[in-house]
Amino acid sequence: MDYPSPIAKLINSFSKLPGIGSKTAARLAFYVLEMPEADVSYFAQALINAKRDLKYCSVCGNITDTDPCMICSDKGRDQSTILVVEDSRDVMSMEKMQEYHGCYHVLQGVLSPMEGTGPEDLNIASLIKRLQNEEVKEVIVATNATAEGEATAIYLSRLIKPAGIKVTRLAHGLSVGSDIEYADEMTLFRAIEGRREL
Ligand SMILES: [Zn+2]
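Position labels on residues start from 1 in each chain and follow its written sequence. The predicted nature of this model means local features are confined to residues of pLDDT at least 70 and side-chain atom pairs, given and counted, to a pLDDT of 80 or more, with totals for whole chains, interfaces and linings taken over all residues.

*Asks:* Which parts of the structure should I look at to understand the overall build of the protein?
*Replies:* Across its full length, the protein carries 8 helices and 7 strands. Taking the principal axes of its C-alpha atoms as reference, the protein extends roughly 65 × 35 × 35 Å. Burial in this document is a count-based property: other C-beta atoms within 10 Å of a residue's C-beta are tallied, and the residue is buried at 20 or more, exposed at 12 or fewer, or partly exposed in between, with C-beta positions derived from the backbone. Burial statistics for the protein: of 198 residues in total, 25% are counted as buried. Partitioning the intrachain contacts of the protein with sequence separation of at least 6 by distance along the chain shows that 53% fall at a separation of at least 24. Secondary structure elements are taken from DSSP: a helix is a run of H or I of four residues or more, a strand is a run of E of two residues or more, and numbering for both begins at the N terminus. Contact criterion: two residues are in contact if their C-beta atoms, reconstructed from the backbone, are within 7 Å.

*Asks:* Explain unusual backbone geometry here, please?
*Replies:* Across the chain, the bulk of peptide bonds are trans and the bulk of non-glycine residues have phi less than zero. Cis geometry is found at the peptide bond from Asp 67 to Pro 68, where omega equals -5 degrees. The phi torsion at Gln 98 lies on the positive side, around 60 degrees, for a residue other than glycine. Checked against the element boundaries, Gln 98 lands in the loop between helix 5 (88-97) and strand 4 (102-106). According to the C-beta neighbour criterion, Gln 98 is exposed, with 9 such atoms within 10 Å. Even without being glycine, Gln 108 reaches a positive phi, approximately 60 degrees. Looking at the secondary structure, you find Gln 108 in the loop between strand 4 and helix 6 (125-133).

*Asks:* I tried to follow the environment of Val 141 on my own but got confused; where do I start?
*Replies:* One can find Val 141 in strand 5 (residues 138-141). Along the chain, Val 141 and Tyr 104 lie 37 residues apart, while their C-alpha atoms are 10.0 Å from each other. When near neighbours in sequence (up to four residues on either side) are disregarded, Val 141 contacts Val 84, Ala 153, Leu 156, Ser 157, Val 167, Arg 169 and Leu 198.

*Asks:* Help me understand the sheet that holds strand 4 in this model?
*Replies:* Sheet strands pair by backbone hydrogen bonding; their relative direction is either parallel or antiparallel. One bridge is not enough; two strands pair if DSSP finds at least two bridges between them. Pairing is mixed across the open sheet formed by 5 strands, whose spatial order is 4-3-5-6-7. The sheet terminates laterally at strand 4 and strand 7 (196-197), the two strands that pair on one side only. Where strand 3 (residues 78-85) and strand 4 come together, 5 bridges link them in parallel fashion. The residue of strand 4 that forms the bridge with Asp 78 is Gly 102.

*Asks:* So what exactly am I meant to see when it comes to the pairing of strand 6 (residues 166-169) here?
*Replies:* Taken residue by residue, a regular strand's side chains alternate between the two faces of the sheet. Bridge analysis of strand 5 against strand 6 gives 4 bridges, and the strand direction is parallel. Within strand 6, the residue paired with Ile 140 across the bridge is Thr 168. In this fold, the crossover linking strand 5 to strand 6 by way of helix 7 (residues 147-160) has right-handed handedness. Of the strand pairs in this sheet, strand 6 and strand 7 are connected by 2 bridges, and their pairing is antiparallel. Each bridged residue has a counterpart across the sheet, and for Arg 169 the counterpart in strand 7 is Arg 196. By the criterion used throughout, a crossover qualifies as right-handed when its path from the first strand across the helix to the second strand runs clockwise, the strands pointing away from the viewer.

*Asks:* Just to check I follow, could you spell out the nonpolar core for this structure?
*Replies:* For soluble globular proteins, nonpolar side chains are generally found buried alongside one another. Here a nonpolar core is just a set of buried residues of the types Ala, Val, Leu, Ile, Met, Phe, Trp, Tyr and Cys, joined wherever their C-beta atoms sit within 7 Å. Grouped together as the largest cluster of nonpolar side chains are 34 residues, with contacts concentrated most on Val 84 and Val 85. Breaking this core down by element, the ones donating at least two residues are strand 3, helix 5, strand 4, strand 5, helix 7 and helix 8 (185-193). Apart from the residues lying within four places of it in its own chain, the contact partners of Val 84 are His 105, Leu 107, Leu 127, Val 139, Ile 140, Val 141, Ala 142, Thr 143 and Leu 156.

Quick look at the structure:
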């Protein structure tokens, strides 16, 4: 016997989320049926609003509801340093640390020949444009310490260094394969302090 269509659709939607298998999807769907109607409406509206109201900053590529984003619009930040990360969650982690006062650039991924992700699929062209227009003295590459993250760092270094801009890489007290997103604030602080030139 199949589930009635409304619940089948709900299970199908949950199962499209990362890390959610069909059993978990069914458990979540049945949980939603038990939730108060107001909570379900809030949840549904939050999904729609997030998708409708969030966009990528035209300067740095971070997710934002204003363009440019709050960080790019903040004239108090050090415009001479750009910290390059894989995604917006890394920006959140760095900001929590409260020790970094420069700007960011969000690549929205990493180079991955295996998955067919090349430079043109990432937010790299806009980074190069920034380097031409802004007074940037240092680019800190803070991609994760994975094979793809390292390859991306080397690619960026080769691209940027000929312009006479210093390119550095986070010191990896972050162990190999670890994500910036999950590093604690002290580890991130040490990684920035101990950054080395590429
Ligand atoms: Zn921005």
